[in-house]
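Structural description and commentary
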Amino acid sequence: MTASGAGSIERPIIECVGLTKIYDIGVEKVQALRGVTFNVRRGEFIAIMGASGSGKSTLANLLGALDKPTSGDLTIDGAAIARMSGDELARLRNRDIGFVFQQFNLLRRMTALENVLLPLNYSQSKVSDGATRAKAKLEEVGLGARLGHTPAQLSGGQQQRVAIARALINNPNIILADEPTGALDTHTSHEIMRLFSTLHAKGLTVIVITHEPDIAGYAERLLQFRDGKLISDCRQDIQQDNRQDNLALAAGGEP
Amino acid sequence: MTLGACLREAITALRLNALRSGLTAIGVIIGVAGIIVLSAAGGGANRKIEQQINALGSDTLIIAPVKMENTGQRGPVVLLTDDDAKAIAERVPEIVHITREVDGNVTIVAGNASWTPEYWGVDASYADVFNVKTSEGRFLDERDVRSAAKVIVLGATVAEKLFGGAQPVDQIVRMGGVPMRVIGVRSTLGFVGGQNQDNHVFVPITTARSRLPQKEKIAPRQLNLIDMKVLAGADRAAVKEAILALLRERKHIRDGEQDRFDVFDPTQFVELMNATHGTLSLLLGATAAISLLVGGVGIMNIMLVSVTERTSEIGLRMAVGARKRDILAQFLTEAVALCLAAGIAGLALGAAGAYATAAAAGWPFIVGPQSVALALAASVGVGVAFGYVPARRAASLNPIDALRHE
């Protein structure tokens, strides 16, 4: 996927140094992030956990280049977010980051294929083989037979797969999923997580924001947040087994 | 985002709400149709007026006595006579043609048909004063007038009423019991100022005086009108003044006393019609403009609704890489596409309206490329002007808030 350098000292794909985010809501200021520092290496599979109000959504917005930190440095793929213009941020979101949302956010009037093609409308470089590429991405997520279906004709799990194909269309380095299983049943949730594992196995950096421990269990590294602070950052060896179990479960449950 | 992609998205979005889009577009449709009807009517009426001026002949002047009952002033009745016509012909060198005229109404019978047009008893020179052309036969000549010949030239409407499609020339009609031979039919003039210019007949003035009843007949040598053709390029105001001065002298009207005659220019009347027409155009134009304005506000309103409805879509588009200008372009394109579609519909409606108006008013049907361009430009203008605010609102949404919007 990515041309990783020969040397072992590779620059992290995401660098967060002392990130703070303060929302000014009129009468008072809400400090959503209070100095967060961590790095993400290229090709990692990370879960970000925390209760609501922990700052994980704020962090997701920053990592997705949808918002800028109040202070601190955030570098994504070598680009310092704080110094980027609106257009540059849009380009970053278009090219380098693939978003997956809890509510799938597909456009209901469009077919699966058209939804997957949407980000190409905003690509700076002309894409001539868009349809071919979109079909390939839909096949990659297991929906090759449902190109012409609209979201209304698809199940929740299938809609999320379309959304993932859309996230993949510009071959991003990072997949950022904010509560991707929040609207799905347990069985489908595990199917979707298995898909993320597959993408990770292909070399993509995957970041999943969730509040469910067994979803977080798919990741190889877990960041836990509370009150705007990073309270734990650990690799999850035990949870890996859990993931294997879930993988087996998901594989067994396939029709 | 390319223009093509913008257009495709706009058309999809509009078709999804086809009814709403259609209803919203009505104001613009009516406005554009108004512009088309207006400019077509303007063009048609102008062309018509031009034709009429040419038909009536330019450089003509007409003298008529001032009707005392119209001025409210008392004074001796002053008549226009043959001698006045003679004096003007002799003493005003700029007058190149002059004809006397006596008028009246007599029922004309031809076979079973009868019709009561106004007759004009004139000299043969009437043809030179008003550039008379005939579609059938000939006009009156000097011999007809000298011999008080029982001949008649019909206006096109009279010919139609009395003879239908049949050939009238050399037919005998009875005019108040007097048998008259039809010698010609005047070419159609149409309507000027709502008056049918073809509902007249011409007879020699001598015949009229000796055989036909006349309007307001008081004296044997009395005239209703004197019609004149002025030398082309002459100062008509000065000629008018010279004629009035001559008549004041002849009628012994003292300085400061009310004139007893009017000298008027028939093309002035056409110009007056033109001015009225201009006022009407202005009024219609204002109506079309108001309709476009109201239509534009409707478009703005529906686009604002659309932006609100699609807030989370806008958020998503921003998340997958849309820049502010992409969102702006998308919604602006949608507004312009809606207005342009409305403009095209309005164009069709307006063309139909203009055609009906032209047919009813009897002027040529003209929808010029300028008016089509104006109508389309107006609709695009409305789209841009009223689409900008909603598009701007969409583009300035915060992607995070937009994404969360339900």
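**Considering the overall build of chain B**
- When helices and strands are tallied, chain B shows 14 helices and 16 strands.
- Whereas a compact globule of 406 residues would reach a radius of gyration of roughly 22 Å, chain B reaches 32 Å, over 25% beyond that.
- The dimensions of chain B, computed from C-alpha atoms along their principal axes, are 100 × 55 × 35 Å.
- Relative to its 406 residues, chain B shows a buried fraction of 49%.
- Taking as baseline every contact in chain B between residues at least 6 positions apart, the subset at least 24 positions apart corresponds to 79%.
- Counting only carbon and sulfur atoms, one obtains 58% of the accessible surface of chain B, whose full area is about 19,100 Å².
- Counting 40 positive and 38 negative side-chain charges, chain B places the averaged centre of each group 4 Å from the other.

**A closer look at the interface of chain B and chain A**
- Contacts between the two partners involve 23 residues from chain B and, on the opposite side, 19 residues from chain A.
- Counting the surface lost from both chain B and chain A, the interface buries some 2,000 Å², and carbon and sulfur atoms represent 59% of this.
- Three residues, L316, V320 and I400 of chain B, lead the burial of chain B against chain A; their summed loss comes to 28% of the area buried on that side.
- Counting the contacts that link chain B with chain A gives two salt bridges.
- Of the charged contacts, one joins E313 of chain B and R109 of chain A as a salt bridge, the two residues approaching to 2.9 Å between their closest N and O atoms.
- Our count for the contact surface shared by chain B and chain A stands at six residue pairs in polar contact (both at pLDDT 80 or more).

**Concerning the packing of helix 11 (residues 311–319) of chain B against helix 12 (residues 324–361) of chain B**
All names here are of chain B.
- Their axes nearest at 10 Å, the elements helix 11 and helix 12 cross at an angle of 140°. Put simply, helix 11 runs oblique to helix 12. Of the two possible hands of crossing, helix 11 and helix 12 adopt the one that is right-handed. Residue-level contacts link E313, I314, R317 and M318 of helix 11 to I327, Q330 and F331 of helix 12.

**Thoughts on the nonpolar core**
- Among the nonpolar cores identified, the biggest contains 77 residues, and I14, I48, L63, L74 and I207 of chain A are the most heavily contacted of them.
- Considering every element that reaches this core, the biggest residue donor is helix 12 of chain B, with nine residues.
- Formed by 45 residues, the second largest nonpolar core is a distinct cluster that contains A85, I152, I205 and V263 of chain B.

**Things to note about the packing of aromatic side chains**
- Scanning the model with the defined rule gives eight aromatic pairs over all chains in all.
- Here F99 of chain A and F101 of chain A contribute two aromatic rings whose centre-to-centre distance is 5.6 Å and whose plane-to-plane angle is 0°, an arrangement assigned as stacked. The pair formed by F99 of chain A and F101 of chain A is uniform in burial state, with each residue classed as buried.
- On the numbers, 5.2 Å between centres and 80° between planes, the contact of Y355 of chain B with F365 of chain B is edge-to-face. Placement of the pair is Y355 of chain B in helix 12 and F365 of chain B in the loop between helix 12 and helix 13 (369–395), with a sequence separation of ten residues.
- By way of ring pairs, the aromatic residues W120, Y126, F130, F139 and F202 of chain B are connected into one cluster.

**Concerning the pairing of strand 8 (residues 151–154) of chain B**
Residues and elements named next belong to chain B.
- Neither face of strand 8 is exposed, since V151 and V153 on one face and I152 and L154 on the opposite face are all buried.
- Strand direction decides the pairing type here: strand 8 and strand 10 (residues 178–186), joined by four bridges, are parallel. Among the inter-strand pairings, V153 is bridged to a residue of strand 10, identified as G184.
- The pairing of strand 8 with strand 13 (residues 200–204) spans two bridges and is antiparallel. Within the sheet, the bridge partner assigned to V153 lies in strand 13 and is F202.

**Focus: the domain arrangement of chain B**
- According to the domain assignment, chain B consists of domain 1 (3–53 + 276–404) and domain 2 (67–259).
- Summarising the inter-unit geometry, the C-alpha centres of domain 1 of chain B and domain 2 of chain B are found 54 Å apart.

**A short note on the sheet that holds strand 2 (residues 28–40) of chain A**
Residue and element names in this part refer to chain A.
- Reading across the sheet, the four strands line up as 2-1-4-5 and stay open at both edges, with antiparallel pairing between neighbours. Where the open sheet ends on each side, the last strands, each with one partner, are strand 2 and strand 5 (79–80).
- Against the sheet, helix 1 (residues 56–63) touches strand 1 (14–25), strand 2 and strand 4 (71–76), its axis set at about 115° to strand 1.

**Section: the pairing of strand 10 (residues 229–235) of chain A**
- Note that strand 9 (residues 221–226) of chain A and strand 10 of chain A share six bridges and pair antiparallel. Counterpart to R221 of chain A in the pairing with strand 10 of chain A is R235 of chain A.

**Comments concerning the pattern of salt bridges**
- Counting across every chain of the model gives 32 salt bridges over all chains.
- The closest approach of N and O atoms between E179 of chain A and K56 of chain A, which form a salt bridge, is 3.9 Å. Remark: K56 of chain A occurs in helix 1 and E179 of chain A occurs in the loop between strand 7 (174–178) and helix 6 (186–201); sequence separation between them is 123 residues. There is no split in this pair, since E179 of chain A and K56 of chain A are both buried.
- Through salt bridges with shared partners, a single network forms among R109 of chain A together with E9, R310, E313, R317 and E334 of chain B.

**Remarks on the sheet that holds strand 3 (residues 45–50) of chain A**
Residue and element names in this part refer to chain A.
- Strands sit in the order 6-7-8-3-9-10 across an open sheet of six strands; the sheet is mixed. Bordering the open sheet on either side are strand 6 (97–100) and strand 10, each of which pairs with just one other strand. Adjacent strand axes in the sheet meet at a mean angle of 15°, parallel and antiparallel pairs treated alike.
- Here strand 3 pairs with strand 9 via five bridges, running parallel. Among the inter-strand pairings, G50 is bridged to a residue of strand 9, identified as F225.

About the thresholds
Sequence order sets the numbering: in each chain, residues are counted from 1 along the sequence as written. Chain letters and ligand numbers both follow the written order, the letters beginning at A and the numbers at 1. Only residues with pLDDT of at least 70 are given local features in this predicted model, and only at 80 or more are side-chain atom pairs given and counted; all residues enter the totals for whole chains, interfaces and linings. Water and hydrogen atoms were dropped before computing side-chain values, which therefore reflect all heavy atoms in the structure. Segments assigned H or I by DSSP are reported as helices when at least four residues long, segments assigned E as strands when at least two residues long, and all are numbered from the N terminus. With C-alpha atoms as the basis for the radius of gyration, the globule rule is written as 2.2 Å multiplied by the number of residues raised to the power 0.38. The classification of residues rests on relative accessible area computed with a 1.4 Å probe and restricted to protein chains. Under 20% of the type maximum is buried, over 50% is exposed, and intermediate values are partly exposed. Any two residues whose heavy atoms approach within 4.5 Å are treated as being in contact. Note on areas: Shrake-Rupley, 1.4 Å probe, and residue coverage restricted to the protein chains presented here. Charged-residue counts in this description rest on Lys and Arg as positive and Asp and Glu as negative, His and the chain ends being excluded. In plain terms, the charge of a residue is placed at NZ if it is Lys, CZ if Arg, CG if Asp and CD if Glu. What counts as buried area is the accessible surface, traced by a 1.4 Å probe, that two parts surrender upon association, with contributions from both included. Just to be clear on terms, a salt bridge is a Lys or Arg side-chain nitrogen sitting within 4 Å of an Asp or Glu carboxyl oxygen. We call two N or O atoms a polar contact when they sit within 3.5 Å, provided that within protein one can donate a hydrogen and the other can accept it, with sequence-adjacent residues counted only if both atoms are side-chain atoms. To get an axis, fit a line to the C-alpha atoms, keeping to the stretch in contact for a helix; angles then go from 0 to 180 degrees between the N-to-C directions. Under this scheme an angle from 65 to 115 degrees is roughly perpendicular, one under 35 degrees roughly parallel, and one over 145 degrees roughly antiparallel; angles in between are oblique. Whether a crossing is left-handed or right-handed is set by the direction in which the near helix is turned from the far one by less than a right angle, anticlockwise for left-handed and clockwise for right-handed. We call a set of buried residues a nonpolar core when its members are Ala, Val, Leu, Ile, Met, Phe, Trp, Tyr or Cys and they connect through side-chain atoms within 4.5 Å of each other. The aromatic pairing rule takes the rings of Phe, Tyr and Trp, using the six-membered ring of Trp, and pairs them if the centres are within 6.5 Å, calling planes under 30 degrees apart stacked, those over 60 edge-to-face and the rest tilted. By definition, two strands form a pair when at least two bridges between them are found by DSSP. What counts as a domain boundary in this text is fixed by an automatic or database domain assignment.

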